[in-house]
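Architecture and fold: a report
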Number of protein chains: 2
Amino acid sequence: MTVAKPTPLSGFPELLPAERFVELRVLDSLRASFELHGFAPVETRAAEPLEQLLRKGEIDKEVYLLRRLQAGQPDADSDPETDSSTLGLHFDLTVPFARYVLENAGRLEFPFRRYQIQKVWRGERPQEGRYREFIQADIDVVARDVLSFHHDVEVARVMAEALSALPVPPLTLQINNRKLIEGYFRGVGAPDPAAVMRVIDKIDKVPAEVILTMLVDEAGLSAEQAERCLALAQIRTPDSSFAARVAELGVSDPLLEEGVAELVAVIEGCSGLATERFSVLADLRIARGLDYYTGTVFETRMTGFESLGSICSGGRYDSLASDGRTSYPGVGISLGVTRMLLPLFSRKKLTASRSVPSAVLVALPDEESRAVSDAVAAQLRANGIATEVAPAAQRYGKQIRYAERRGIPFVWFPAGADYPHEVKDIRTGEQQVADPATWSPPAEDLRPQVVRPEA
Amino acid sequence: MTVAKPTPLSGFPELLPAERFVELRVLDSLRASFELHGFAPVETRAAEPLEQLLRKGEIDKEVYLLRRLQAGQPDADSDPETDSSTLGLHFDLTVPFARYVLENAGRLEFPFRRYQIQKVWRGERPQEGRYREFIQADIDVVARDVLSFHHDVEVARVMAEALSALPVPPLTLQINNRKLIEGYFRGVGAPDPAAVMRVIDKIDKVPAEVILTMLVDEAGLSAEQAERCLALAQIRTPDSSFAARVAELGVSDPLLEEGVAELVAVIEGCSGLATERFSVLADLRIARGLDYYTGTVFETRMTGFESLGSICSGGRYDSLASDGRTSYPGVGISLGVTRMLLPLFSRKKLTASRSVPSAVLVALPDEESRAVSDAVAAQLRANGIATEVAPAAQRYGKQIRYAERRGIPFVWFPAGADYPHEVKDIRTGEQQVADPATWSPPAEDLRPQVVRPEA
């Protein structure tokens, strides 16, 4: 095909192979963490009926609609929002999972734990951390009728373990509980707790004085009530000591008590996971006001990348899905893999040690010896060593530079009639006699390594 | 979300977790095979400008066009085929890869080996083996200006090794060469070798007599020429003995000689790979008449599933991509993963030994002991054993049935004050004292196994 040099599509990021290695390593790590905890793999189709996608009433989501090129002229009178056959690309993994659960309810065992790692699409205006095509990694536990609270603790802990294994800047998992804040706001006497939540949601973006004014103007609070609500939102502790701080505020409400007890359980369930690179906070400003959570809520910030907002969010739904007769409560959390990794790639803070899987390039003395070099490569591969053979019998200096440009650490020189096999570490220049049946590189050279410049 | 019970979308297959385990195992195996040979991972965006998608002139492809829901009313006068901003979902991985190579030519090292495993979409009428959304796994080697022939051998061998490792019915990789058949048809005196190829392409679907008539009527051959062309198409050998059979037909042409030499090299390059479950054939009927191949061509049949047609096809392009100044020749092969696996799933010929990753369910004596059971689970997971804790403190019989329904092979009973840890293989009933710090299941129980009923 002859084409003019193509240009990137804004919002549809693509990676060079070195970065793709890192992305695959991250996806492998997530999958291993999730499976270790018994979460089963699910993948759903990319397309859903539009009526399904819009069911949550999230009109702010810019859905991509699908139309077949040869399906005939579009009907000028048809309204895509009411045409039940219109398909759109999913914009998250929660809506398709809810549909999957209903569709397969008779074939699944509940409580059902699943992970799902897939691309999603949103036609939003692209910016750093906001893409039109991106990968999400979700875990959810869903039950029929009743989902025990301990699954909130489980989901927090599983994602915390998964996050703490990733090669990224320090992450902070911030946890709160909707019952806690709703109960508190009600206890303070707020006429519309949801309105308070919507204002508190802006706390990272506007100064405290403005929040106070908005609480009075938009949520109908007195100045004193506003102060008390703000005081709650300013509590954040790495352990369950938040409970004592809440108690000091002197508000009493049964829903508040329930929420405090739940949050204590989740925070204590994550104890022991804190490292220099990962921490857990009870953070009482987290509200996720626009979503339909009813208990535990999660957000996650990446140190140095706070402007991205939360890269990993979720919470408890009293009804993830319902078919009218049966309700399926759930708790889950969703990691924005692309949102987390792309800024690290573009700022050169994360890459791989080489652009090819090959640990060894087998040199080619002359074109007639290709079978010999192929046989050496086959021996190395049989021991799990990724190997390629030089594409052309250029002089050895050129073949070594071929390896250098790709970051391949070793070049193998096949034995001849009167000289043995030798392998050269082209980084150090060290060359030694070796047996292709038994030689292997140091473990750290076997596969491309994740490299974190400046980290 | 409350929804009526949803129904499947025709052509958009979805798997239950057990089948998804098998699919993941197949994808992992392919990736490992490709990386072992130095192929680097590439993933391209799902969407391409429509003009790019239609560039090969493949109007038979039913492209899915994208439109943003809130992008305003569609312009009734706009023609999607000429509007350069119209996006469509890719229908294969070759077109996007050609675009990726041109876009990143300055940042890639050539010859560039890549594998790409992704979903593609085609709005075709669904039937067994034909889906609207499906996974393909491609490998290609692409060079700048000139690509040495030995890469044809390499690509054949890499895919042959990858296929022979898969848990599927016996596969036959059929290889031919366009130069061979074009040269032969020319040597026979065919006025239009391409027309002969289009007829020969139908050889699996219509009887030989009809092929002969069509060669006369549609390709302008004499009856004797038609017989000689058919004779070529009937040659298939598991080794390079096809060359002698071709020579016996007494046709002479320089392009034919070149094609025979190339096909001998590819077939000999794959020698040693034949097993009971995998074979390689020089098959001189393979033409892939509708594609733009210029040398080696590949197809693959699965025994017992011949009606699916070829599940893995490809070949050599003199120009995979070109920007007008520089041409990028390539050779590649593409496996239809979904097309291969779905019929096996739906006919119950392939599944996994369980529907969850968990090898162990830790039982729960009572709800107060959850922390104890969690601690046992954490110890097992630290040794890489996928483990879940019983969701509720039901009586042990119920907890064992919970494990049984999911196929979890072991149930762990945590130690109490006056009794030790014990683990039960619920398939045999055998129960033994065990230490959670050191116990591990037999290797075959560690992860879900691929199961092939009747195989």
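When its secondary structure is counted, chain A shows 14 helices and 19 strands. Overall, the C-alpha framework of chain A stretches about 90 × 60 × 45 Å when taken along its three principal axes. Buried positions account for 48% of the 455 residues belonging to chain A. The contacts in chain A between residues at least 6 apart in sequence include a share of 70% that link residues at least 24 apart.

This paragraph deals with unusual backbone geometry. Residue and element names in this part refer to chain A. Following phenylalanine 110, the chain continues into proline 111 via a peptide bond in cis, with omega recorded as -5°. Tracing the backbone shows proline 111 in the loop between helix H3 (94–104) and strand E5 (112–121). A positive phi angle, close to 60°, is found at lysine 348, a residue other than glycine. Within the element layout of this structure, lysine 348 appears in the loop between helix H11 (337–346) and strand E13 (351–352).

Here we take up the domain arrangement of chain A. Per the domain assignment, the segments making up chain A are domain 1 (17–39 + 107–117 + 130–346) and domain 2 (360–451). Placing the centre of domain 1 of chain A and that of domain 2 of chain A at their C-alpha centroids yields a distance of 50 Å.

Here the focus is the confidence of the model for chain A. Residues and elements named next belong to chain A. Per-chain confidence: chain A averages 93 in pLDDT, with 95% of residues scoring 70 or above. Here residues 73–77 is modelled with pLDDT under 50, and outside its nearest four sequence neighbours on either side it reaches three contacts, counting other chains as well. Our summary of model confidence lists the complex with pTM equal to 0.95 and ipTM equal to 0.95.

Quick look at the nonpolar core now. Grouped together as the largest cluster of nonpolar side chains are 264 residues, with contacts concentrated most on Cys229(A) and Cys229(B). In this structure Cys229(A) touches Phe185(A), Val188(A), Ala190(A), Val196(A), Ile200(A), Leu215(A) and Leu221(A), once residues within four positions along its chain are discounted.

Turning to the relation of the copies chain A and chain B, a few remarks are in order. For the pair chain A and chain B, the superposition axis carries a translation of 0.0 Å, the fit reaches an RMSD of 0.1 Å, and the rotation angle comes to 180°. The relationship between the two copies is best expressed as a two-fold rotation axis. Of the C-alpha atoms belonging to chain A, the one lying closest to the rotation axis is found on Leu66(A), 2.5 Å away. Taken as a fraction of all interface residues of chain A, those also at the interface in chain B reach 100%, which identifies the copy contact as same-surface.

A few words on the sheet that holds strand E11 (residues 312–322) of chain A. Backbone-to-backbone hydrogen bonds pair the strands of a sheet. The strands run either parallel or antiparallel. Residue and element names in this part refer to chain A. Strands sit in the order E1-E5-E6-E12-E11-E10-E7-E9-E8 across an open sheet of nine strands; the sheet is mixed. Strands at the two margins of the open sheet, each flanked by one partner only, are strand E1 (40–41) and strand E8 (236–237). Here strand E6 (residues 133–142) runs beside strand E12 (residues 327–336); their pairing, made up of seven bridges, is antiparallel. Counted as the bridge partner of glutamine 136 is glycine 336 from E12. Each of E5 and E6 touches helix H1 (residues 17–36); the most contacted strand, E5, lies at about 160° to it. Running at roughly 155° to strand E7 (residues 171–177), helix H10 (residues 254–269) makes contact with E7, strand E9 (278–283) and strand E10 (296–302) of the sheet.

Residue and element names in this part refer to chain B. Strand order in the open sheet made by the five strands is E15-E14-E16-E17-E18, with mixed pairing throughout. Every interior strand has two partners, whereas the edge strands, strand E15 (387–389) and strand E18 (431–433), have only one. On average, each strand axis in the sheet is inclined to that of its neighbour by 25°, with strand direction left out of account. In this sheet, E15 lies alongside strand E14 (residues 360–362) in parallel orientation, the contact comprising three bridges. Of the residues in E15, the one forming a bridge with valine 362 is valine 389. Across the sheet, helix H12 (residues 370–382) touches E14, E15 and strand E16 (410–413), and the angle it forms with E15 is around 175°.

This next bit is on helix H1 (residues 17–36) of chain B. Its 20 residues give H1(B) an end-to-end C-alpha distance of 28 Å, which sits within 8% of 28 Å, the value for a rise of 1.5 Å per residue. Within two residues after H1(B), Gly38(B) carries a phi angle of roughly 85°, on the positive side.

Further remarks concern the packing of helix H4 (residues 150–164) of chain A against H10(A). Residues and elements named next belong to chain A. Interhelical geometry of H4 versus H10 gives an angle of 35° and a closest axis separation of 9 Å. As for the relative orientation of H4 and H10, their crossing is right-handed in sense. Within the contact between the two elements, H4 uses Asp152, Val153, Ala156 and Arg157 and H10 uses Glu262, Ala265, Val266 and Gly269. Taken together, the residues of the contact of H4 with H10 break down into four nonpolar, one polar and three charged.

Listed as interface residues are 75 residues of chain A and, on the opposing side, 75 residues of chain B. Contributions of two or more residues to the side of chain A that touches chain B are made by H1, E1, strand E3 (64–68), H3, E11, helix H12 (370–382), strand E15 (387–389) and helix H13 (396–406) of chain A. Residues that form the side of chain A that touches chain B fall into these classes: 36 nonpolar, 16 polar and 23 charged. One ladder, built from five bridges, connects E3(A) with strand E3 (residues 64–68) of chain B; its direction is antiparallel. Note on E3(B): the bridge partner recorded for Arg68(A) is Tyr64(B).

This part covers the environment of Pro49(B). Take Pro49(B): it is sitting in strand E2 (residues 47–49). Separated by 16 residues in the primary sequence, Pro49(B) and Leu65(B) have C-alpha atoms spaced 9.4 Å apart.

Before going further, it helps to examine the pairing of E5(A). Residues and elements named next belong to chain A. The buried fraction of E5 amounts to nine of the ten residues, a majority that puts the element mostly inside the structure. Summarising the sheet, E1 and E5 pair through two bridges and their orientation is parallel. Counted as the bridge partner of proline 41 is tyrosine 115 from E5. Of the strand pairs in this sheet, E5 and E6 are connected by ten bridges, and their pairing is antiparallel. Bridge pairing in E6 places tryptophan 121 opposite glutamate 133.

This part takes up the pairing of E16(B). Residues and elements named next belong to chain B. Side chains Phe410 and Trp412 of E16 all project onto a buried face; the interleaved residues Val411 and Phe413 project onto the opposite face, where all are buried too. As defined by bridge partners, E14 adjoins E16 across three bridges and the pair is classed as parallel. The residue of E16 that forms the bridge with valine 362 is tryptophan 412.

Another point: the environment of Tyr328(B). Residue and element names in this part refer to chain B. Looking at the secondary structure, you find tyrosine 328 in strand E12 (residues 327–336). When the C-alpha atoms of tyrosine 328 and arginine 144 are compared, they prove to be 4.8 Å apart, with 184 residues separating the residues in sequence. Tyrosine 328 has contacts with Val101, Val142, Ala143, Arg144, Ser319, Leu320, Ala321 and Ser322, leaving out every residue within four places of it along the chain.

It is worth spelling out helix H5 (residues 178–188) of chain B at this point. Residue and element names in this part refer to chain B. Of all the eleven residues making up H5, nine are buried; the element is thus mostly covered by neighbouring parts of the structure. Listed in full, the buried residues belonging to H5 are Arg178, Lys179, Leu180, Ile181, Glu182, Gly183, Tyr184, Phe185 and Val188. Glycine 189 occupies a position one or two residues after H5 and carries a positive phi of about 100°.

Bringing the environment of Val280(A) into the picture now. Residue and element names in this part refer to chain A. Relative to the helices and strands, valine 280 is located in strand E9. On the basis of neighbour counts, which here come to 26 C-beta atoms within 10 Å, the residue valine 280 falls in the buried class. Taking the C-alpha atoms as reference, valine 280 lies 13 Å from valine 153; in sequence the two are 127 residues apart. Dropping the residues within four chain positions of it, valine 280 is found in contact with Ala160, Leu173, Ile175, Pro238, Ile267, Cys270, Leu273 and Ala274.

Criteria and cut-off values
- Residues numbered from 1 in each chain as written.
- Chains lettered and ligands numbered in written order.
- Predicted model: local features only at pLDDT ≥ 70, side-chain atom pairs only at ≥ 80, totals over all residues.
- Helix = DSSP H or I, 4+ residues; strand = E, 2+ residues; numbered from the N terminus.
- Buried ≥ 20, exposed ≤ 12 C-beta atoms within 10 Å, placed from the backbone.
- Contact = placed C-beta atoms within 7 Å.
- Domains from an automatic or database assignment.
- pLDDT = per-residue confidence, 0-100.
- Core = buried A, V, L, I, M, F, W, Y, C linked by C-beta atoms within 7 Å.
- Least-squares fit on C-alpha atoms with pLDDT ≥ 70 in both.
- Pairing = 2+ DSSP bridges.
- Axes fitted to C-alpha atoms, helices over the stretch in contact; angles between N-to-C directions.
- Expected span 1.5 Å × (residues − 1).
- Left-handed = near helix turned anticlockwise from the far one by under 90°.
- Nonpolar A, V, L, I, M, F, W, Y, C, P; charged D, E, K, R; others polar.

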